[in-house]
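Close look at the chain arrangement
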Amino acid sequence: MESASTGGGSQRYSLKKAIQASFGAPDNPDYIFDISTSGDSMMAVSLSTNGIKLYSPVKDKLLGELSGHTSTITDIAFPSPLAPHKLCSSSTDGTLRIWDTRTHRQIGCLKSPSPRELWSFSLGGMSGNLIAAGSQAQIMFWDWRTKKQLGCLEECHTEDVTQVRFHPNKMDKLLSASVDGLMCAIDTSGGINDDEGLDSVLSVGTSVARIGFYGESNEKVWCLTHTESLSVWNFEEKRLEADFGDTRSRASAAWSLTPVNYLIDCHYSPTLDGLCLVAGTLGGTIGMFPVNYTKCGGDTHCSGQIGPVCSVLEGGHTAVVRSVKTFDQSELFCWSGGEDGRLCSWSKPSSSSEFESSAWVSSNLVLKRAKQSNKRHVPY
C-alpha cells in the first residue's frame, strides 16, 4: 500500500501478530538475537537468555525450547535440507551444539580447544559433511557425521572471525570474514591446511559483520560492516564491484521517515534477481531498500546507489531490530525480532484491506520457565 511519508512506490506491510518471546521485565526485556527457518514448518529464535525457542512460523505456535548453552548464542541455522529437524547453534561458551527439534534435545556437541568463543558456523565441503566455525583468529573444522575435529586454519585472519559461509553451489569453497577487515576465500578440497587452503584475500578495509552469497549462480557476495557500510563483491573474479560508502545516509535519503540508524541484513529475491538492504531505526521501524549499481569495466568499481524504499515494516517494534527473516513462497512476508524481546510477523499487503498497526501478546505462546537470577549477559 502506498504511503506519502515513505515514497510513492513503497509498500506498508501489515503487522499480523506480535509475540513477547523474552522473559525480562517489561522495561528491560531480553533480546532476540537471530531467526532461522526450516522451510515454512519450523522457526528457531535465539535469545539473550542463552536459550532457543521453536515456533511454527505459519501457525504462530510455540513448539518448545532448547537449553544448554551457558553463554551468548552467536549463530543458529538448520544447516542441511536433508535433515530439516536438525538445528545447530554456536556460542561464546566455545561449543557448537546440534539439536533434534522433534524431541527438543541436544544430540551432539562440538567443543573448541581452550575453549575459544565461536562466532559463526557453516556446513559444506565436497561431501557436504564439513562444519566450519569462526573463532578467535581461527577457523575450525569438524566432520558432521563423526563429530571429530579435522583441522584448524590459523594464518588467514589476525582477529575474531565473525562469519564463515560455504558457497551454496561450490560446497568446497568457503568464505570467511573478520574484524581484521578481510574476507578470505578458502579451498577445502585439498585438505585443511594453511599452506594450500587459502585461495585469495579480499580487503574490505574495516571490521566485517555479516556476509552472504547471492545472484543467479551465487557468484556475488554482499558485505555489511560494523561501521554500517555495504559493499558488493564478485566472488568468481575476486574483486570489489560496488562500494556504497555512507550507507545509512544513503538509505535515510531514500525515504522521508526517521533517519536509518543501523543495517540489519540483505535479502536476495531469486524471482526478481534483485538485492535489498534491510535497515532500521532506533524506534523499531524497518525499511527494505533496493541495491543498485552499474557494472564498471576493467579493475574499477562503482559507487553504488540505494534506491527508494520498497517495503516498510512499522508499528511492531519499539527498539532496535536484530533479525528479519523473509519468506518468498508464502503468504507471510517475514518475521522480525529485536531488543524489545518481541517477535513480529508481517503479512503481505492486500489492496482490499487497510494497513493495520495493532499488536498483541499471547501468554499461550510464551513458554514458562523457573525463576532465575537477575544477572543478565551483555549482548555481543
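Scope of this entry: the structure provided in the associated data block. It should be emphasised that the depicted structure is a prediction, and the values quoted were computed from it without experimental measurement.

1. Considering the sheet that holds strand β12 (residues 130-134)
Pairing is antiparallel across the open sheet formed by four strands, whose spatial order is β11-β12-β13-β14. The outermost strands of the open sheet, each flanked by one partner alone, are β11 (120-124) and β14 (149-153). Sheet twist, expressed as the average angle between the axes of neighbouring strands with direction ignored, equals 20°. Taken together, the four bridges between strand β13 (residues 139-143) and β14 define a ladder with antiparallel strand orientation. Paired with Phe141 across the strands is Gly151, a residue of β14.

2. Structural notes on the pairing of strand β5 (residues 52-56)
The buried count for β5 comes to five of five residues, which makes it a mostly enclosed element. Burial along β5 is two-sided: the residues Ile52, Leu54 and Ser56 and Lys53 and Tyr55 are all buried. Examined bridge by bridge, strand β4 (residues 42-47) and β5 share four bridges and lie antiparallel to one another. Considered in β5, the bridge of Ala44 is made with Leu54. The loop that links β4 with its antiparallel partner β5 comprises four residues; one of these, Asn50, has a positive phi angle of about 75°. By the bridge criterion, five bridges tie β5 to strand β6 (residues 61-66) in an arrangement that is antiparallel. Within the sheet, the bridge partner assigned to Leu54 lies in β6 and is Gly64.

3. A word on the packing of aromatic side chains
Considering all chains together, one arrives at four aromatic pairs under this definition. Note on Tyr214 and Tyr268: the rings are 5.6 Å apart at their centroids and 55° apart in plane angle, and the pair reads as tilted. Highlighted residues: Tyr214 in strand β19 (residues 208-214) and Tyr268 in strand β23 (residues 262-269), separated in sequence by 54 residues. The residues Tyr214 and Tyr268 share a single accessibility class, namely buried. The interplanar angle of 70° and the centroid separation of 5.4 Å between the aromatic rings of Trp255 and Phe289 together place this pair among those described as edge-to-face. You can see Trp255 sitting in the loop between α2 (247-252) and β23 and its partner Phe289 sitting in strand β25 (residues 286-292), a full 34 residues away along the chain.

4. Details of the pairing of β11
Consecutive residues of a regular strand have side chains that alternate between opposite faces of the sheet. Counting buried residues in β11 gives five out of five residues, a clear majority hidden from the surface. Where β11 lies against β12, five bridges are found, and the strand directions are antiparallel. Each bridged residue has a counterpart across the sheet, and for Ser120 the counterpart in β12 is Gly134. Taking the residues that link successive antiparallel strands as the turn, the β11-β12 hairpin has five residues, and the phi of Gly125 there is positive, at about 85°.

Criteria and cut-off values
Residues numbered from 1 in each chain as written. Predicted model: local features only at pLDDT ≥ 70, side-chain atom pairs only at ≥ 80, totals over all residues. Heavy atoms only, no water. Pairing = 2+ DSSP bridges. Helix = DSSP H or I, 4+ residues; strand = E, 2+ residues; numbered from the N terminus. Axes fitted to C-alpha atoms, helices over the stretch in contact; angles between N-to-C directions. Buried < 20%, exposed > 50% of the residue type's maximum accessible area, 1.4 Å probe, protein only. Phe/Tyr/Trp six-rings, centres within 6.5 Å; stacked < 30°, edge-to-face > 60°.

Take it as geometry only, folks, not as evidence of what the structure does.
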